[in-house]
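Each chain, letter by letter, is given below.
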Amino acid sequence: MGFAKGGSGPKYYQEISLSLDWDNNGAALKQRAKEYGGAASRFIASEDKYFLSGLTYPRVGKTLSLRILPKGCIFAEKGISIFPLNDREANSSNLLALLAILNSKPVEYMVSITSPGRFWESGSINRIPLPHNWNSHNLHELAYKGYVLSRAAFEADETSRVFISPLIEIKQGEIEELQLEIDNIVTKIYQLHDDIQLGKSSDSQEMELEDNEVDAIYPEIKHIDYLQYALGVVAGRWDIRIGKNPVIARNSTDPFEKLPPLSPGSLLSDTSNYPI
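Computed from a predicted model, the values in this text were never measured in an experiment. (Residues numbered from 1 in each chain as written. Predicted model: local features only at pLDDT ≥ 70, side-chain atom pairs only at ≥ 80, totals over all residues. Heavy atoms only, no water.)

1. A short note on the sheet that holds strand S6 (residues 79-82)
Formally: Pairs of strands are assigned from DSSP output, requiring at least two bridges between the strands. Labels follow the DSSP assignment, with helices taken as runs of H or I lasting at least four residues and strands as runs of E lasting at least two, numbered in each case from the N terminus. To get an axis, fit a line to the C-alpha atoms, keeping to the stretch in contact for a helix; angles then go from 0 to 180 degrees between the N-to-C directions. Whether two residues touch is decided by their heavy atoms; if any such pair falls within 4.5 Å, the residues are in contact.
Strand order in this open sheet of 3 strands is S4-S3-S6, and the pairing throughout is antiparallel. Every interior strand has two partners, whereas the edge strands, strand S4 (67-69) and S6, have only one. Adjacent strand axes in the sheet meet at a mean angle of 40 degrees when their direction is disregarded. Sheet topology places strand S3 (residues 54-58) next to S6; 4 bridges connect them, and they run antiparallel. Along S6, the bridge assignment pairs threonine 56 with serine 81. The strands touched by helix H2 (residues 92-102) within the sheet are S3, S4 and S6, with S3 carrying the most contacts at an inclination of about 25 degrees.

2. As for the layout of surface pockets
Filter applied, for reference: Cavity: a set of points on a 1 Å grid over the protein atoms alone where a 1.4 Å probe fits but cannot get out. Pocket: an open set with protein on both sides within 12 Å along at least five of seven lines, its lining residues, like those of a cavity, having an atom within 4 Å of a point. Grid points are joined across faces, edges and corners, and a volume is the space filled by probe spheres set on the points. Nonpolar residues are Ala, Val, Leu, Ile, Met, Phe, Trp, Tyr, Cys and Pro. Charged residues are Asp, Glu, Lys and Arg, and all others, Gly as well, are polar.
Empty space within the largest pocket amounts to approximately 1,100 Å³. Forming the walls of the largest pocket are 36 residues, and the residues nearest its centre are Phe75, Ile80, Ser81, Ile82 and Phe83. Of all the secondary structure elements, the ones that give two or more residues to the lining of the largest pocket are helix H1 (23-37), strand S5 (73-75), S6, H2 and helix H4 (122-126). For the lining of the largest pocket, the residue count by class is 26 nonpolar, 6 polar and 4 charged.

3. Re the sheet that holds strand S2 (residues 18-19)
In spatial order, the strands read S2-S1-S5; together these 3 strands make up an open sheet with mixed pairing. Where the open sheet ends on each side, the last strands, each with one partner, are S2 and S5. Where strand S1 (residues 2-4) lies against S5, 3 bridges are found, and the strand directions are parallel. Counted as the bridge partner of glycine 2 is cysteine 73 from S5.

The following block contains the structure:
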């Protein structure tokens, strides 16, 4: 199962690169937890929320950075996760609208008032009021676009489980423009003044972070990656048809679907869903 444990990365989409053995309802992990210090529930919390779709963010980071949490994942204490309260709210549009709002500058500023320094506590998120019309704008469409743009960088990274091809274009400028549009909409939803300068205090901005806490942006694609991809095509690992036309591999528009068992760019048998 995919394991969301926080960590640095962009907003909207971050690679869930870790996995946990959850065979037999996590029997091995629970036994290990008991051996380490008493009841398994001390270390394995909120088990009833495992495998549900939602949102997740790292508890520690330079900025508040929420991402998609797809179905079929497990989360950790440092990978704080958010889920709908009821089935009526549990749809992709509402989750995406909430993703946009929580990733906005106004909300980051509000959370920073009660969260010390670089820590983004769940209690501070819970206290953020949602206006009555929070999901009546096009925020879900903008958040989905943010997801697509952020995921594209990982679709171009051969070590990613969503890898398609290094030929995919990464549009950093579009992401910045998109975030500005979201910030402006959320500012109006909360009826804030346009001239308010939103941001964390100077003390928190100047705080030095440890190397593993700095929010990385996107994986960098280098010339060697193209060579490695070409070798993978020759060896039968990657499908050059998908590499030239990534739309072939993007057969779903649901950002909350389960993580793929194989990279979408893999070369599969014509008679099965297994690699050749």
